[in-house]
Amino acid sequence: MSDLDLKLHVWRQAKREATGKFVMYEVKQVSTHASFLEMLDILNEQLIAKGEEPVAFDHDCREGICGACSLMINGRPHGGNKGTTTCQLHMRFYKNHDEIWIEPWRAAAFPVLKDLCVDRSAFDKVIAAGGFITANTGSAPDANDVLVPKEQAEMAMDAAACIGCGACVAACPNGSAMLFVAAKLSHMHHLPQGQPERARRTVGMVTAMDAAGFGNCSNHYECEAACPKDISRDVIAELNRDYAKASFAHREHAAKSDGA
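Before going into details, it helps to say that this report is about the structure given with it.

## Quick look at the overall build of the protein chain
Across its full length, the protein chain carries eight helices and seven strands. The dimensions of the protein chain, computed from C-alpha atoms along their principal axes, are 70 × 45 × 35 Å. In the protein chain, buried positions account for 43% of the 260 residues. Across the protein chain, the fraction of contacts at a sequence separation of at least 24, relative to all contacts at a separation of at least 6, is 70%. For the protein chain, the exposed area adds up to about 13700 Å²; of that, 51% sits on carbon and sulfur atoms. In the protein chain, 27 side chains carry a positive charge and 33 a negative one; their mean positions are 4 Å apart.

## Quick look at the nonpolar core
Ranked by internal contacts, the top residues of the largest apolar core, which has 36 residues, are Phe110, Val126, Val169, Leu179, Val181, Met209 and Phe214. Of all the secondary-structure elements, those providing two or more residues to this core are helix 2 (121–128), helix 4 (167–171), helix 5 (178–189), helix 6 (198–211) and helix 8 (234–257). Here the element with the most residues in this core is helix 5; it accounts for seven residues. Of all hydrophobic cores here, the second largest spans 27 residues; its members include Trp11, Tyr25, Val30 and Met39.

## Section: the environment of Cys223
Mapped onto the fold, Cys223 is located in helix 7 (residues 222–226). Excluding residues within four positions of it along the chain, Cys223 makes contact with Cys168, Leu179 and Ile236.

## A look at the pattern of salt bridges
All chains considered together, the criterion is met by 13 salt bridges. Of the charged contacts, one joins Glu224 and Arg233 as a salt bridge, the two residues approaching to 2.8 Å between their closest N and O atoms. Each of the salt bridges in this network shares a partner with another, and the network as a whole consists of Glu197, Arg200 and Arg201.

## Things to note about the environment of Lys7
Here Lys7 shows up in strand 1 (residues 4–12). Here the alpha-carbon distance between Lys7 and Gly166, two residues 159 residues apart in the chain, equals 26 Å. Sequence-distant contacts of Lys7, defined by excluding residues within four places in its chain, comprise Met24, Tyr25, Glu26, Asp98, Glu99 and Ile100.

## Remarks on the packing of helix 2 against helix 6
Direction vectors running N to C along helix 2 and helix 6 enclose 155 degrees, while the axes themselves pass 8 Å from each other. Taken together, the axes of helix 2 and helix 6 are roughly antiparallel relative to one another. For the element pair helix 2 and helix 6, the recorded crossing hand is right-handed. Where helix 2 abuts helix 6, its residues Lys125, Val126 and Ile127 lie against Met205, Ala208 and Met209.

## Thoughts on the packing of aromatic side chains
Under the defined criterion, the tally for this structure stands at seven aromatic pairs. On the numbers, 6.1 Å between centres and 50 degrees between planes, the contact of Phe36 with Tyr94 is tilted. Residue Phe36 is found in helix 1 (residues 36–49), and its partner Tyr94 is found in the loop between strand 4 (76–77) and strand 5 (99–103); the two are separated by 58 residues along the sequence. Looking at Phe36, the relative accessible area reads 0%, which means it is buried. Overall, the relative accessible area of 12% leaves Tyr94 in the buried class. By the ring-pair criterion, three or more aromatic residues cluster together here, those being Phe110, Phe123, Phe180 and Phe214. A cation over a ring is seen here: Arg106 above Trp11, with NZ or CZ 4.2 Å from the ring centre. Between the NZ or CZ atom of Arg233 and the centre of the ring of Tyr221, over which it lies, the distance is 4.3 Å.

About the criteria used
- Residues numbered from 1 in each chain as written.
- Predicted model: local features only at pLDDT ≥ 70, side-chain atom pairs only at ≥ 80, totals over all residues.
- Heavy atoms only, no water.
- Helix = DSSP H or I, 4+ residues; strand = E, 2+ residues; numbered from the N terminus.
- Buried < 20%, exposed > 50% of the residue type's maximum accessible area, 1.4 Å probe, protein only.
- Contact = heavy atoms within 4.5 Å.
- Areas by Shrake-Rupley, 256 points an atom, 1.4 Å probe, with all protein chains shown as cover.
- Lys, Arg positive; Asp, Glu negative; His and termini not counted.
- Charge placed at Lys NZ, Arg CZ, Asp CG, Glu CD.
- Core = buried A, V, L, I, M, F, W, Y, C linked by side-chain atoms within 4.5 Å.
- Salt bridge = Lys/Arg side-chain N within 4 Å of Asp/Glu carboxyl O.
- Axes fitted to C-alpha atoms, helices over the stretch in contact; angles between N-to-C directions.
- Parallel < 35°, antiparallel > 145°, perpendicular 65-115°, else oblique.
- Left-handed = near helix turned anticlockwise from the far one by under 90°.
- Phe/Tyr/Trp six-rings, centres within 6.5 Å; stacked < 30°, edge-to-face > 60°.
- Lys NZ or Arg CZ within 6 Å of the ring centre and 35° of its normal.

Below, the structure written as structure tokens:
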């Protein structure tokens, strides 16, 4: 395959309070074997050589497992290839002289910090509200001491594949984090260790999600389509059922506490 000459429209924003805009750049002789982030590295090398400010973007493992890369590419999170993160998107999917529009996640709960970097600490607040197990289970048991049905174990592992990149939020017209929160809850709720705190965890994480400014889920299912780990929307249905049960139990407990 021959190298590519591309025209990039990149969102540039100096800081959180600044007004951003798209700036057009041309990059030449980009190898079709390069990843999308490597292409941005080439762009930054060109900008630095000219004494210009490089484009800020998030990245870490570049192996599709950390969730750091977070780019909206031609209007699609991670570029729109099914089950693919930005760092695993390769330039062979583009044609010579293509125009590519690159921007950060667009969601009220993910404010832009600089250029293509957004603040995703809202996810941390949701996890801090219940994404853990505190029940005292003693020392670590042998692997086969706690029996877990195969179907439940597989469902827990499927949900645990979530890397917290935020593509689901960026894809959702409402900026909802339901797929992320539901995946984290489903991961623990399909295992025995997650049962003692199931109701408290569900209410706590959903409450934190609402407080962080994420929108409501209205079943567009764009989250499922954009998820680079193919998390099923079925986890959202599980969350809704758990939240209804937990809310009812909470109201009943509050009524008894008030002497009703």
